[in-house]
Amino acid sequence: MKKHSILTAALALTLGLQGAGVTVHAEGTASDASAGAGKTLTTVTGTSNHAQAVYKAALPFLADSARLPQAIQYLNSNIYAVSPYQATVLILKLENLHKAALPVWESRFSGSSVQRKLTSVYKAGDSMAKLAESTEDAALSTLLKSAGESGYKLETAEGSFFPVIDYAAYRKYKVYVMSDIRDYITIMATESELPSSKDNGLVIGWSEVAARALNQEQFAQHYPKSNRITAVKTLYSMYVTDTFYGQNNTPLFHYDNLEMDLEAQKAYTSILAKNNDSSPYLQKLDGLMKLLKENGYKQDASVEKYLKDEVPLT
């Protein structure tokens with residue numbers, strides 16, 4: 001999009017952007033110097049009018065959770081036609097709608113009859129559509145199909161089944177939105193495809209825990225005013241806790257002898273050897289590892305004090 005068109009679109013969308021709370025980053029490409037001014041203006045105006053029409057047509061779909069399937073279909077088919085500003089607003093509205101509708105979907109899956117039926121059909125990694133095809137129960141099939149068409153996937157933990165937002169499906173929008181939301185989608189899709197923990201224990205390795213924390217820290221550093229900064233910071237806080245404490249069923253220090261988990265020791269040592277930057281997260285991790293090396297990688301009073309001072313539990 002031409003630079004002047006970006007400024008025009010930004011002004012035209014001020015109210016919409018405020019409503020979605022989206023951070024606007026000026027990332028337009030410069031006008032082609034070889035193009036005639038008249039030709040350039042005609043092209044930009046035509047594109048802008050069409051984009052605005054597509055944008056406005058999407059809004060009614062994103063105002064009612066019952067129309068989530070139609071909203072997703074419309075965005076999948078038309079988001080290419082709008083500006084990055086408009087695409088960002090629409091995708092944030094879609095996520096807001098997904099979040100608002102989730103409790104209702106959770107209640108639909110929470111009944112004991114539905115839970116019992118899901119036990120016999122659930123397969124990790126299967127889409128809602130595939131699960132719907134695997135059951136002969138018409139009501140369950142309809143529920144699963146509808147949830148899938150509305151943008152949810154099925155997860156399980158502690159013996160229960162529940163829907164979650166399928167952020168992996170948002171990946172198709174990355175090319176159209178602003179850079180902060182593009183990176184936000186990457187972070188959330190990673191969480192959606194492989195949650196970090198289940199049943200009070202980590203299901204990813206210590207290296208992956210640190211890698212995700214670093215990505216989230218970098219997001220906060222690059223986009224401090226992003227509309228999704230709070231969400232990412234909340235996620236980052238969880239990963240900091242996992243890094244320095246572990247979880248109940250996968251503690252960083254074994255309960256019986258207070259020794260540091262050997263795999264965590266190897267992972268953190270490797271990460272620190274490969275990364276030498278100004279990351280506050282890595283600085284705190286480096287401080288902990290140096291202290292642990294001095295005392296044979298065991299938790300003692302000095303380690304407890306370090307953790308309490310540098311990464312206190314909240």
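For the structure, see preceding data.
Residues numbered from 1 in each chain as written. Predicted model: local features only at pLDDT ≥ 70, side-chain atom pairs only at ≥ 80, totals over all residues. Heavy atoms only, no water.

Participant: Is there a simple way to explain the packing of helix 5 (residues 84–110) against helix 9 (residues 179–193) in this structure?
Facilitator: Pairs of packed helices are described in terms of their axes, by the angle between the two and the distance that separates them. Remark: helix 5 packs on helix 9, axes separated minimally by 10 Å, with the N-to-C direction vectors making an angle of 35 degrees. For the pair helix 5 and helix 9, the sense of crossing is left-handed. Along the contact surface, helix 5 presents Thr88, Ile91, Leu92, Glu95 and Lys99, while helix 9 presents Ile181, Tyr184 and Ile185. (Axes fitted to C-alpha atoms, helices over the stretch in contact; angles between N-to-C directions. Helix = DSSP H or I, 4+ residues; strand = E, 2+ residues; numbered from the N terminus. Left-handed = near helix turned anticlockwise from the far one by under 90°. Contact = heavy atoms within 4.5 Å.)

Participant: Just checking my understanding: could you explain the pattern of salt bridges for this structure?
Facilitator: Two side chains bearing opposite charge may form a pair once their charged atoms approach each other closely. Applying the stated criterion across every chain yields a total of eleven salt bridges. Note that Arg212 and Glu191 form a salt bridge whose closest N and O atoms lie 3.2 Å from each other. Of the two residues, Arg212 is situated in helix 10 (residues 206–222) and Glu191 in helix 9; the sequence distance between them amounts to 21 residues. A salt bridge links Lys305 to Asp309, with the nearest nitrogen and oxygen atoms 2.7 Å apart. (Salt bridge = Lys/Arg side-chain N within 4 Å of Asp/Glu carboxyl O.)

Participant: Explain the environment of Arg67 to me, please; I cannot follow it from the model alone.
Facilitator: Along the polypeptide, Arg67 turns up in the loop between helix 3 (37–58) and helix 4 (68–78). Separated by 30 residues in the primary sequence, Arg67 and Leu97 have C-alpha atoms spaced 9.9 Å apart. Contact partners of Arg67, with chain neighbours within four places excluded, come to Pro60 and Phe61.

Participant: Sorry if this is basic, but what is going on with the nonpolar core here?
Facilitator: One recurring pattern in soluble globular proteins is that nonpolar side chains are buried together. Judged by nonpolar contacts, the single largest core of 83 residues is most densely connected at Phe109, Leu118, Leu144, Leu154, Met260 and Tyr268. Top contributing element to this core by residue count: helix 5, with eleven residues. Excluding residues that lie within four positions of it along the chain, Met260 makes contacts with Leu252, Phe253, His254, Gln265, Tyr268, Met289, Leu292 and Tyr297. (Core = buried A, V, L, I, M, F, W, Y, C linked by side-chain atoms within 4.5 Å. Buried < 20%, exposed > 50% of the residue type's maximum accessible area, 1.4 Å probe, protein only.)

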